[in-house]
Amino acid sequence: MIYVKTPLTREIREAVALTWGVTEEGEGERLHGGEESAAYRLDGHVIRVGPAWRAAAESEWCHSIARHAAAALPEAVAPLPTAEGATVIVVDGRPISCWPYVEGAWPDSDIPAQRAAGARLLARLHRSLAGFRPGPRPVPAFQESGLYGDAPQDAAELADPDLDRWLAAFHAEHPVRHPLHGDYYTGNTLARDGRIVAVLDWDETFVGAPELELAAAALEWGDDLAGPSEEFVAAYHEAGGTAARLDEESLAQLVRHKLRREYAYFHKGVTHDEEDIEYHRARVELFHRLRP
């Protein structure tokens, strides 16, 4: 993956120092990752520099989900508020936010204990958000396109009217909705000493059926070239997650929705290397293979 190279400019640093009191000599350590936003470690904090096309209102809405989760879930990392209570400032047209730095590394989902820990954390995360009603999202999340039966125009090559009809029927039969993380995979969590200590990056959060996120996470934390992890799903339910139990077809179809959105994202104009292209081909093949 080729990550964005958005710099931590002098103007951003000055605004961050004025707003949050965060200062440090040097350029700041560019943290690994970031397909849209760039993150820098600075004076024990993380400064996230968002893309110019993301409105501050959208980031504020997503941050409200993180802040609500953090009130009940120690692992949920939330942004620091400004003196006025906001969580975003805009510098040179980009949304800037400040977060506490958490030491850790990505967990290894190939280790059964860490996979189960990820599932249990997702269950607790869902419970922490189950009663929160944040109001309409200012801009629909990328994952929402095609979710309720409307054929997504940005993935016409994976057109599947049967999947569209199935998604519409599924949501009619599963009315529970609450905020979801939106991108719950190992790269948005951190582990230390064998324990998951942080859930990060709330940019894709939205209100939806928890079954959707369970299926997507089971794919990401399992063998993503073979299909969703049954062990992940079982550990989630044992921990009391809010999602209803899913039969094999439902799990596969919700995963296929995720894979179709991945396909659309791949073609958004993001720069890819050879490894990305090969991974993309395998995910498209999985989309077809999981078709009931």
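Refer to the preceding data block for the structure.
Residues numbered from 1 in each chain as written. Predicted model: local features only at pLDDT ≥ 70, side-chain atom pairs only at ≥ 80, totals over all residues. Heavy atoms only, no water.

1. Observations regarding the packing of helix H3 (residues 112-129) against helix H6 (residues 230-238)
For any two helices packed against each other, the geometry is given by the interaxial angle and the distance between the axes.
No. 1: Interhelical geometry of H3 versus H6 gives an angle of 45° and a closest axis separation of 8 Å. Between H3 and H6, the crossing angle belongs to the class labelled oblique. The element H3 and its partner H6 pack so that their crossing is right-handed. Residues Arg115, Ala116, Gly118, Ala119, Arg120, Leu122, Ala123 and His126 of H3 form the contact with H6, whose participating residues are Glu231, Phe232, Ala235 and Tyr236.
No. 2: Here the residues of the contact of H3 with H6 sort into seven nonpolar, two polar and three charged. (Axes fitted to C-alpha atoms, helices over the stretch in contact; angles between N-to-C directions. Helix = DSSP H or I, 4+ residues; strand = E, 2+ residues; numbered from the N terminus. Parallel < 35°, antiparallel > 145°, perpendicular 65-115°, else oblique. Left-handed = near helix turned anticlockwise from the far one by under 90°. Contact = heavy atoms within 4.5 Å. Nonpolar A, V, L, I, M, F, W, Y, C, P; charged D, E, K, R; others polar.)

2. What about the packing of aromatic side chains?
No. 1: With the rule as written, the count across this model stands at four aromatic pairs.
No. 2: Ring geometry for Trp166 against Phe170: centres 5.0 Å apart, planes inclined by 20°, an arrangement best described as stacked. Taken together, the residues span about one helical turn, with Trp166 and Phe170 both in helix H4 (residues 161-173) at a distance of four residues. Of the two residues, Trp166 and Phe170, neither departs from the other in class, the shared state being buried.
No. 3: When the ring of Trp221 is compared with that of Phe232, the centres are 6.0 Å apart and the planes differ by 35°; the resulting orientation is tilted. Taken together, the residues span a long stretch of sequence, with Trp221 in the loop between helix H5 (210-220) and H6 and Phe232 in helix H6 at a distance of 11 residues. The same class applies to Trp221 as to Phe232, namely buried.
No. 4: The rings of Tyr184, Trp221 and Phe232 are connected pair by pair, giving a single aromatic cluster.
No. 5: Over the face of the ring belonging to Tyr40 we find Arg30, whose NZ or CZ atom lies 5.8 Å from the ring centre.
No. 6: The residue whose ring lies beneath Arg256 is Phe287, and the NZ or CZ to ring-centre distance is 4.1 Å. (Phe/Tyr/Trp six-rings, centres within 6.5 Å; stacked < 30°, edge-to-face > 60°. Buried < 20%, exposed > 50% of the residue type's maximum accessible area, 1.4 Å probe, protein only. Lys NZ or Arg CZ within 6 Å of the ring centre and 35° of its normal.)

3. Side note on the pattern of salt bridges
No. 1: Here the structure, examined in full by the defined rule, presents 23 salt bridges.
No. 2: In this structure, Glu220 and Arg283 form a salt bridge, with 3.2 Å as the shortest nitrogen-oxygen distance. Taken together, the positions of Glu220 in helix H5 and Arg283 in helix H8 (residues 274-289) put the pair 63 residues apart, joining distant regions of the chain.
No. 3: Looking at Arg283, the relative accessible area reads 3%, which means it is buried.
No. 4: Through salt bridges that share partners, Glu36, Arg48, Arg54, Asp201, Asp203, Glu204 and Lys268 make up one connected network. (Salt bridge = Lys/Arg side-chain N within 4 Å of Asp/Glu carboxyl O.)

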